[in-house]
Amino acid sequence: ALKRMLNFNVPPVKNSTGEPVWKVLIYDRFGQDIISPLLSVKELRDMGITLHLLLHSDRDAIPDVPAVYFVMPTEENIDRMCQDLRNQLYESYYLNFISAISRSKLEDIANAAIGANAVTQVAKVFDQYLNFITLEDDMFVLCNQNKELVSYRAINRPDITDTEMETIMDTIVDSLFCFFVTLGAIPIIRCSRGTAAEMVAVKLDKKLRENLRDARNSLFTGDTLGAGQFSFQRPLLVLVDRNIDLATPLHHTWTYQALVHDVLDFHLNRVNLEESAGAESTPAGARPKKKNKKSYDLTTSDKFWQKHKGSPFPEVAESVQQELESYRAQEDEVKRLKSIMGIEGEDEGAISMLSDNTAKLTSAVSSLPELLEKKRLIDLHTNVATAVLEHIKSRKLDVYFEYEEKIMSKSTLDKSLLDMISDPDAGTPEDKMRLFLIYYISSAQAPSEIDLEQYKKALMDAGCNLAPLSYIKQWKAFTKMASAPTSYGNATPKPLGLFSRVMNTGSQFVMEGVKNLVLKQQNLPVTRILDNLMEMKSNPETDDYRYFDPKMLRGSDSSVPRNKNPFQEAIVFVVGGGNYIEYQNLIDYIKGKQGKHVLYGCSELFNATQFIKQVDNFDNF
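Criteria and thresholds
Residues numbered from 1 in each chain as written. Predicted model: local features only at pLDDT ≥ 70, side-chain atom pairs only at ≥ 80, totals over all residues. Heavy atoms only, no water. Helix = DSSP H or I, 4+ residues; strand = E, 2+ residues; numbered from the N terminus. Buried < 20%, exposed > 50% of the residue type's maximum accessible area, 1.4 Å probe, protein only. Contact = heavy atoms within 4.5 Å. Areas by Shrake-Rupley, 256 points an atom, 1.4 Å probe, with all protein chains shown as cover. Polar contact = N/O pair within 3.5 Å; in protein donor to acceptor, adjacent residues only side chain to side chain. Expected span 1.5 Å × (residues − 1). Phe/Tyr/Trp six-rings, centres within 6.5 Å; stacked < 30°, edge-to-face > 60°. pLDDT = per-residue confidence, 0-100. Pairing = 2+ DSSP bridges.

K.L.:
Which residues make up the overall build of the chain, and what values go with them?
P.N.:
Within the chain one finds 21 helices and 17 strands. Put simply, the chain has 621 residues, and 50% of those count as buried. In the chain, of all internal contacts separated by at least 6 residues, the share reaching a separation of at least 24 is 78%. As displayed, the chain offers around 29900 Å² of accessible surface, 53% of which is attributable to carbon and sulfur atoms.

Written out as structure tokens, the structure is:
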């Protein structure tokens, strides 16, 4: 959809050899967040975008170039666009709104265009319905800019008013509506009762229904429909509420992508690392070296990332090491190619040889960039994995992961929880708090007051902030789940022998003391719910889920599915926030199902630290 928009809303022709039309892209922060995970600067350039600028920055007039705008239809954005028209900044204007623009705001632009005598220059005005951020081929999140407006905390605030709740739900529904317009499919909606997810379902059903009814202006007819991947069969949308499972967002994890998100600064597919100043010590009295910040994009075009983002960390370290070794073998080749190309010394020998080396030269020219790109990815993952490994070792995250898995699967524990909390060498205060909250959430009956006091004292001594506990306590008392705590299956990770390769002294990664844990596929609550609904299994957990079909003329409030066949495609959307652990769990689950697809979406993406901040001191805000 973005590529079409950047091509003035005509589908780009695949094999046109001509130059693209050069143009300027003007976006706001929302537009920037939607485009940046999907299109690199180079891809933008290939599509003729020479310059991309924020709407509210100082922009110079470029009178002979068309401008493509991609912005939210907010008051201030509209004002600024009208100002651009008056100042005659560009040759022509293609206005694209991320979310549908209201009639009155459209009239404001029209009036400004008339006033600026620029009506002919406004070439197209489009509602793009792209108000969501795609992070992976199978994962999306609603927004990034004002995410505190739809955060877990905002939805679950005890003092929230009805109108505030309506606004939040409308915001979520607007984005989900955009998602289905872009997908070109009308889903069948299932949701749990009595939750925020149900409110979203009711509103989304109504919005889809209204759009379908207005046949002339329906967004689900004609060329868009069937353009999606789901042409023949309708997808299932499962709306789940974050409150059905608060343990997973706090859980320590063991797979690469989820670890990066848990321990590093990873945001919209970009990871920011602080490079530690090297081993050379700074002379006494000198100013400490400033830490370099480096950022890396982990994208779909990164083959290593695509292959290993769901792998257990030890496997990743081993694979990086293998890649490095295979690259070193090729490095001599790089040197040889460089010398063939006469890059090193310009002696006559090299030049006289050129004539018979033309064939070699062509192959060198084609394989050099490939090798250099390979090197770039290896360096990137070496740095990222090393940064993750430092956290694992200094905080004993492998121990936490294994222990929490045992708690969640009700296995026997080899060490008491109190010992874990009071061990000064294991983990940060936050790690201990996460562990304790998971124990508290997963336990069938809450610990007795005496025990609780003992735990609290140990947590306090370890320097923990106890505020999140008071919220989780209320939550546990409030949820009906308390009677039957969410089960997380009963598989615990098995430690394999030590890493063969990585234990070599020659390895980049010193993995000593880190457990080589292997994951067993274990469905988390969200995955289990999906499995029940997608495969039409009867299960008390999901039997009373409401059923909505926006295509039916009269909405019926039933939980009886009309469609009895299992679904091929499903979208799971978590109202109140999601995480990479759940995403990975769904992906692993669907791998075992031939020909089925699942997409994961959430109102925001948070790691445990961000989640704990949200449930911290709920009382006083």
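This is not the end of the story, as more comes after the structure.
K.L.:
Requested: an account of the side chain of Thr 542, with residues and values cited.
P.N.:
Along the chain, Thr 542 falls in the loop between helix H19 (525–534) and strand E15 (546–548). Engagement of the side chain of Thr 542 in a polar contact is seen with the side chain of Asn 532, the distance being 3.4 Å. Excluding anything up to four places from it in sequence, Thr 542 contacts Arg 190, Ile 529, Asn 532 and Leu 533.

K.L.:
Residues and numbers for the side chain of Asn 269, please.
P.N.:
Note on placement: Asn 269 falls in the loop between strand E10 (265–267) and strand E11 (270–275). Since its relative accessible area comes to 4%, Asn 269 is described here as buried. Looking at Asn 269, its side chain comes within polar contact range of the main-chain oxygen of Leu 135, at 2.8 Å. Not counting residues within four places of it along the chain, the set of residues in contact with Asn 269 comprises Pro 37, Leu 135, Tyr 296, Asp 297, Leu 298 and Tyr 580.

K.L.:
Before we move on, could you go through helix H20 (residues 580–591) and cite the residues and values that matter?
P.N.:
In this model H20 runs 16 Å from its N-terminal to its C-terminal C-alpha over 12 residues, within 8% of the 16 Å that 1.5 Å per residue would give. In terms of residue burial, H20 counts as a mostly covered element, since 10 of its 12 residues are buried. Residues Tyr 580, Ile 581, Glu 582, Tyr 583, Gln 584, Asn 585, Leu 586, Ile 587, Tyr 589 and Ile 590 constitute the buried set of H20. In this structure Asn 579 caps H20, since a side-chain oxygen of it lies 3.2 Å from the backbone nitrogen of Ile 581.

K.L.:
Outline the packing of aromatic side chains, listing residues and values.
P.N.:
Two aromatic rings, taken as a pair, are described by how far apart their centres are and by the angle between their planes. As enumerated under the stated definition, the model contains 24 aromatic pairs in all. Between Tyr 256 and Phe 313, the ring centres sit 6.4 Å apart and the planes meet at 55°, which makes this aromatic pair tilted. With Tyr 256 in helix H9 (residues 256–263) and Phe 313 in helix H11 (residues 313–340), this residue pair connects regions lying 57 residues apart in the sequence. The exposure classification of Tyr 256 matches that of Phe 313, with both residues buried. One aromatic cluster is present, built from ring pairs that chain together Tyr 256, Phe 266, Trp 305, Phe 313, Tyr 580, Tyr 583 and Tyr 600.

K.L.:
Summarise unusual backbone geometry; cite the residues concerned and give the values.
P.N.:
Positioned with a positive phi, Leu 268 is a non-glycine residue whose angle comes to about 45°. Tracing the chain through its elements places Leu 268 in the loop between E10 and E11. You can call Leu 268 buried: its relative accessible area is 18%. Positive phi outside glycine occurs at Asn 269, with the angle close to 70°.

K.L.:
A description of H19 should follow, citing residues and the corresponding values.
P.N.:
In terms of residue burial, H19 counts as a mostly covered element, since 10 of its 10 residues are buried. Buried residues along H19 sit against strand E8 (188–191), strand E9 (236–241), strand E16 (569–575), H20 and strand E17 (597–602).

K.L.:
With reference to specific residues and values, describe the confidence of the model for the chain.
P.N.:
The predicted model of the chain averages 85 in pLDDT, with 82% of residues at 70 or higher. In the predicted structure, residues 224–231 sits below a pLDDT of 50 and forms 13 contacts with residues beyond four places in sequence or in another chain. Note that pLDDT drops below 50 for residues 496–506; the model gives that stretch 24 contacts with residues more than four away or on any other chain.

K.L.:
Please provide a residue-by-residue account of the pairing of E9, values included.
P.N.:
Of all the six residues making up E9, six are buried; the element is thus mostly covered by neighbouring parts of the structure. Here E9 shows a buried face lined by Leu 236, Val 238 and Val 240 and a second buried face lined by Leu 237, Leu 239 and Asp 241. Pairing of E8 with E9 involves four bridges; the strand directions are parallel. Note on E9: the bridge partner recorded for Ile 188 is Leu 236. Across six bridges, E9 lies against E16 in parallel orientation. In the sheet register, Leu 236 faces E16, and the bridge partner there is Ala 570.

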